[in-house]
Amino acid sequence: MLPWFQSVYSQFIRRLQSQTLHHALLLSGPVGLGKTALADELAKSLLCKQLTAQGSCGACQSCQLFAAGNHPDFHPLVSEKQIGVDTIRGGIAKLSGTAQLGHNKVLVIHHADTMTEAASNALLKTLEEPTTNTYLILLASKLNALLPTILSRSEKHVLKLPAEGETLNWLAGQGHNDVTPATLKAYGNSPFLVKASLEDESKGLSFSEFQEGIARLMSGADSSVQLASKWQDSGKQVVSWLQSAAHEKYVQSLLPADYEAYSYCQQALKHFEHPGVNKTVILTGVLDVFAVNPL
Ligand SMILES: [Zn+2]
């Protein structure tokens with residue numbers, strides 16, 4: 001279990017053992033927190049036939065099927081786009097009848113905050129009166145995107161980002177020993193967003209590449225035009241990193257030049273929203289501001 005979920009997870013297990021766990025749980029928290037890992041662990045425990053005080057036993061038939069990704073009573077709903085009414089109806093249909101393993105049934109709705117209104121309405125009855133031995137786990141990053149009727153019928157758990165030290169420890173345990181607090185901040189302190197940026201090159205420009213590039217700009221080794229053409233696909237990300245650096249600098253210095261750099265970034269971010277803009281030109285303009293007034 002992820003260390004920052006240990007306490008909430010233990011509470012779920014205690015309530016599960018005393019048969020007081022709510023049948024509909026809504027787990028909300030920022031993107032990249034690891035909500036899926038928590039939901040999977042909880043589902044495994046809900047389905048386990050020899051539950052222990054620590055959670056699933058890991059050895060029973062149910063746990064083995066779960067580990068093999070083959071559990072007949074575990075139904076995760078994952079949708080690339082908005083979750084439509086047919087997807088929800090399909091999920092609910094799988095909950096009818098008794099569990100194949102004679103125990104619990106679990107439906108996990110990923111990105112529940114993307115459910116359409118019709119999909120949400122289709123879920124209401126099941127949330128209110130689920131079939132026997134049924135648990136629903138809804139995952140969301142934007143609570144306010146859910147209908148009030150969904151919110152009122154689920155037990156809400158707002159999951160918070162771990163403290164900086166805890167995230168850095170966890171990243172070190174994943175083999176990333178040299179992550180700086182600045183890098184964490186660049187990814188909104190989100191553990192899995194940082195991890196993905198370090199491990200997945202297809203994620204685009206990483207914060208450390210950005211820092212190296214800015215250092216080359218400051219030393220004159222790279223020009224703003226060179227950097228801008230290299231970074232045009234990550235233009236918005238580059239400008240928001242520069243904007244937050246400028247903001248931090250201004251808070252310390254209170255110099256008008258630093259405020260102007262910050263406000264220039266803000267304008268540039270708006271320009272990026274216009275269709276057909278030349279991203280390289282916008283980015284060159286921003287980088288020029290920082291070349292003259294280094295961070
Ligand atoms: Zn088990």
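Residues numbered from 1 in each chain as written. Predicted model: local features only at pLDDT ≥ 70, side-chain atom pairs only at ≥ 80, totals over all residues. Heavy atoms only, no water.

Per an unreviewed UniProt entry, the protein goes by DNA-directed DNA polymerase and derives from Alteromonas confluentis. Per UniProt, the protein carries the Catalytic activity (unreviewed entry) text "DNA(n) + a 2'-deoxyribonucleoside 5'-triphosphate = DNA(n+1) + diphosphate". (UniProt positions renumbered as here; feature names shortened; annotations may be inferred.)

Enquirer: Which residues make up the pairing of strand β3 (residues 105-109), and what values go with them?
Expert: Counting buried positions along β3 yields five of five residues, so the element is predominantly enclosed. The pairing of strand β2 (residues 74-77) with β3 spans four bridges and is classified as parallel. Of the residues in β3, the one forming a bridge with Leu77 is Ile109. The parallel pair β2 and β3 is bridged by helix α4 (residues 85-93), and the resulting crossover is right-handed. Where β3 meets strand β4 (residues 134-140), five bridges bridge the pair, whose relative direction is parallel. Counterpart to Lys105 in the pairing with β4 is Thr134. Running through helix α5 (residues 117-128), the crossover from β3 to the neighbouring parallel element β4 is right-handed. (Buried < 20%, exposed > 50% of the residue type's maximum accessible area, 1.4 Å probe, protein only. Helix = DSSP H or I, 4+ residues; strand = E, 2+ residues; numbered from the N terminus. Pairing = 2+ DSSP bridges. Right-handed = clockwise from strand over helix to strand, strands pointing away.)

Enquirer: If you had to explain the domain arrangement of the protein to someone new, which residues and values would you point to?
Expert: Domains assigned within the protein are domain 1 (3-158), domain 2 (171-203) and domain 3 (205-295). Taking the mean C-alpha position of each, domain 2 and domain 3 sit 21 Å from one another. Taken together, the seven residues of domain 2 in the interface contact six residues of domain 3. Carbon and sulfur atoms supply 47% of the area buried between domain 2 and domain 3, which totals about 500 Å² over both sides. Contact with domain 3 buries area across many residues of domain 2, yet Lys185, Ala186 and Tyr187 alone supply 58% of it, more than any other trio. Where domain 2 touches domain 3, the interface holds one salt bridge. (Domains from an automatic or database assignment. Contact = heavy atoms within 4.5 Å. Buried area = accessible area lost by both parts, 1.4 Å probe. Salt bridge = Lys/Arg side-chain N within 4 Å of Asp/Glu carboxyl O.)

Enquirer: Lay out helix α10 (residues 207-219) with the relevant residues and their values.
Expert: Spanning 13 residues, α10 covers 18 Å between terminal C-alpha atoms, matching the ideal 18 Å at 1.5 Å per step. Those residues of α10 that fall on the buried side of the exposure criterion are Phe207, Phe210, Gly213, Ile214 and Leu217. For α10, the buried positions fall inside an angular range of 120° around the axis, keeping them on one side. Structurally, α10 contributes buried residues whose contacts are with α8 (181-186), α11 (224-231), α12 (235-253) and α14 (279-292). Downstream of α10 by a residue or two, Gly220 has a phi angle that is positive, lying close to 85°. (Expected span 1.5 Å × (residues − 1). Arc of directions from axis to C-beta.)

Enquirer: With reference to specific residues and values, describe the nonpolar core.
Expert: If you look at the biggest cluster of nonpolar residues, it comprises 57 residues, and the most contacted ones within it are Val106, Ile137, Phe210, Trp231, Leu242 and Leu287. The next biggest cluster of nonpolar side chains, apart from the first, holds 20 residues, and it includes Ile83, Leu107, Leu123 and Ile150. (Core = buried A, V, L, I, M, F, W, Y, C linked by side-chain atoms within 4.5 Å.)

Enquirer: Give me the lowdown on a negative patch on the surface, citing residues and values where you can.
Expert: A cluster of acidic residues, Asp200, Glu201, Glu209 and Glu212, forms a negative patch on the protein surface. In this fold, Glu212 is placed in helix α10. Under the relative-accessibility criterion, Glu212 is labelled partly exposed at 46%. (Patch = residues over 30% accessible without salt bridge, like charges linked within 9 Å, V, L, I, M, F, W, Y side chains within 5 Å. Areas by Shrake-Rupley, 256 points an atom, 1.4 Å probe, with all protein chains shown as cover. Lys, Arg positive; Asp, Glu negative; His and termini not counted. Charge placed at Lys NZ, Arg CZ, Asp CG, Glu CD.)

Enquirer: So what about the sheet that holds β2? Which residues, and what values?
Expert: Two orientations exist for strands paired in a sheet by backbone hydrogen bonds: parallel and antiparallel. Spatially, β2-β3-β4-β1-β5 is the arrangement adopted by the five strands of the open sheet, whose pairing is parallel. The open sheet has two edge strands, β2 and β5 (155-158), and neither has a second partner. Each strand axis lies, on average, 15° off the axis of its neighbour in the sheet, ignoring direction. Sitting on the sheet, helix α1 (residues 6-17) is in contact with β1 (24-28), β4 and β5, with an inclination near 155° to β5. (Axes fitted to C-alpha atoms, helices over the stretch in contact; angles between N-to-C directions.)

Enquirer: Tell me about the packing of aromatic side chains, and please be specific about residues and values.
Expert: The final tally for this structure, using the stated rule, is 11 aromatic pairs. Measuring from ring centre to ring centre gives 5.9 Å for Phe210 and Trp231, while their planes differ by 40°; the resulting arrangement is tilted. Of this pair, Phe210 sits in helix α10 while Trp231 is found in helix α11, placing the two residues 21 residues apart along the sequence. Residue Phe210 shares its accessibility class with Trp231, and that shared class is buried. Ring pairing ties together the aromatic residues Tyr187, Phe207, Phe210, Trp231 and Trp241, which thus form one cluster. (Phe/Tyr/Trp six-rings, centres within 6.5 Å; stacked < 30°, edge-to-face > 60°.)

Enquirer: Before we move on, can you summarise the side chain of Thr126 with the specific residues and values?
Expert: Positionally, Thr126 belongs in helix α5. Its relative accessible area of 10% is what places Thr126 among the buried residues. In this structure Thr126 touches Ile92, Leu95 and Leu136, once residues within four positions along its chain are discounted.

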